[in-house]
Every structure is written in C-alpha cells, then in structure tokens.
Amino acid sequence: MSLPHAILTALLERPSSGLELTRRFDKSIGYFWSATHQQIYRELGKLEAEGHIRALPSQQPARGQRKSYEVLPAGRAELERWTAAAQDPKPLRDALLLRLRAAAVVGTAGLEGDLRRHLRLHQRQLEEYREIERRDFPPGKDAPQDRLHHLILRAGIDLETFWTQWLSHALEEFAGLPGGPGGGGEVTDGTASSDGARTTPSR
C-alpha cells in the first residue's frame, strides 16, 4: 500500500504530471521508496478511479499533452489515516546475509570481492547523502517540514554508516579465515563427522 501513499504525499507537496513524479522519485523519494515509470502511471490511474486525485484542467488542451494531478479531499483523508495507523517493523531480508550463511556451508570463494564492491557502493551512497545534508540543511534551517525531511535523510546516513562499518568488519573477518585472505575454503568449527569430514553446526 505504500506506493500510492508516496504518490499522494508527492502530489500534496506539488501537483505534478506522471513524468514529473517519475523524476521526483528518481531524485528524492526514490532514495527510500523506488518505483518505475509504469508503476507510477498505473497507481495514478487507480487513485483517480478511487476519487483520491484528479487531473488538473488544462488551459490549452492539446493532443498528447501531459496531465497534471492534484489531491482531492478524499485522498488527503486517506493519507492522514495511513500516516497515523500503527505498523509493525519489517524484518530485514538481504541476500548478502543469506549468501554469507551459504558460504559457511559451501565456502567463501568469490565472495570477498563482492563484499568489497558492496563497501564501495555504500561509501559512495553515504558521501552522496552527506553532500545533500551539507547543501540542503545548513545550520538554522529548522522549520517543521525541514526538520522532518532532515530526519529522513539522517536515517539514510545512519543506515549507510552501519553498512560501511559492518562490511569493513566483515572484510577483516575474511582476512582471518583459514586459507589466508579471502578464506577460500569452507568455514568450519573444527568438529568432525562420523566419516572424518569437517562439519558446521546449524545456528
């Protein structure tokens, strides 16, 4: 249900066409809730059919002209309801963590290089967030809307800080695995099975 509410939020901030919404998602909202061009246009159609938004009347109708949308009272009421509703935290689902679990069984060959790639990507994203903070939230910019927007950005900064620190720690662990840097072999606890093979306990 979050994409239509993200669209309602964006349209309340500024009436926009589908193309303008796509660009705004790419530049700002997409940092924490991404959507494709097709998804946005599909949701615009649904929101219009539900009476939550309407196309603004065009002063100069023309074939192929982009429609701009605004939020109707029913749409604002729905966004207010959704904003105030209780929601449970979502469990973390990240394929990288599952791959590490798999590496404990099949070995870590090839994984260290991808950890380094992930670290570079998170470092780059962290620097981008920090640059946005320096540019958009100078000292003294403390209107309520600015403070909430800054709070969202801080969540991104803190999350990227976590990943850069955790990935750095993971690479240190890899360097200490049996077999030298990268630990190409299977990670074990030294327990022998009945046929003499090393086994890794379940966790």
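For the structure, see preceding data.
The rules we used
- Residues numbered from 1 in each chain as written.
- Predicted model: local features only at pLDDT ≥ 70, side-chain atom pairs only at ≥ 80, totals over all residues.
- Heavy atoms only, no water.
- Pairing = 2+ DSSP bridges.
- Helix = DSSP H or I, 4+ residues; strand = E, 2+ residues; numbered from the N terminus.
- Contact = heavy atoms within 4.5 Å.
- Axes fitted to C-alpha atoms, helices over the stretch in contact; angles between N-to-C directions.
- Salt bridge = Lys/Arg side-chain N within 4 Å of Asp/Glu carboxyl O.
- Buried < 20%, exposed > 50% of the residue type's maximum accessible area, 1.4 Å probe, protein only.
- Phe/Tyr/Trp six-rings, centres within 6.5 Å; stacked < 30°, edge-to-face > 60°.
- Lys NZ or Arg CZ within 6 Å of the ring centre and 35° of its normal.

A few points about the sheet that holds strand β1 (residues 16-17)
- Spatially, β1-β3-β2 is the arrangement adopted by the three strands of the open sheet, whose pairing is antiparallel. Each having just a single partner strand, β1 and β2 (53-55) make up the two edges of the open sheet.
- The strands touched by helix α1 (residues 2-13) within the sheet are β1, β2 and β3 (68-71), with β3 carrying the most contacts at an inclination of about 95 degrees.
- Running over the sheet, helix α3 (residues 37-49) touches β2 and β3 and is turned about 105 degrees from β2.

Topic: the pattern of salt bridges
- Evaluated as defined, the whole model comprises 13 salt bridges.
- Notably, a salt bridge pairs D114 with R117, separated by 2.8 Å at the nearest N-O pair. Within this pair, D114 and its partner R117 are both found in helix α6 (residues 111-136), separated by three residues, close to a single helical turn.
- Taking the relative accessible area as the measure of exposure, D114 reaches 15% and is therefore buried.
- Residues E127 and R134 are paired through a salt bridge, measuring 2.7 Å at the closest nitrogen-oxygen approach.

A short note on the packing of aromatic side chains
- Counting across every chain of the model gives three aromatic pairs.
- Both rings, one in Y31 and one in Y129, keep their centres 5.3 Å apart while their planes meet at 70 degrees; by these two values the pair is edge-to-face. A residue pair is termed long-range when its members are at least 10 positions apart, and Y31 in the loop between α2 (18-27) and α3 and Y129 in helix α6 qualify at 98 residues.
- Under the relative-accessibility criterion, Y31 is labelled partly exposed at 30%.
- A relative accessible area of 7% means that Y129 is categorised as buried.
- Between F162 and W163 the ring centres are 5.1 Å apart and the planes differ by 65 degrees, which places this aromatic pair in the edge-to-face class.
- Judged by its relative accessible area of 8%, W163 falls in the buried class.
- The ring of F137 carries the charged tip of K141 above its face, separated from the ring centre by 5.7 Å.

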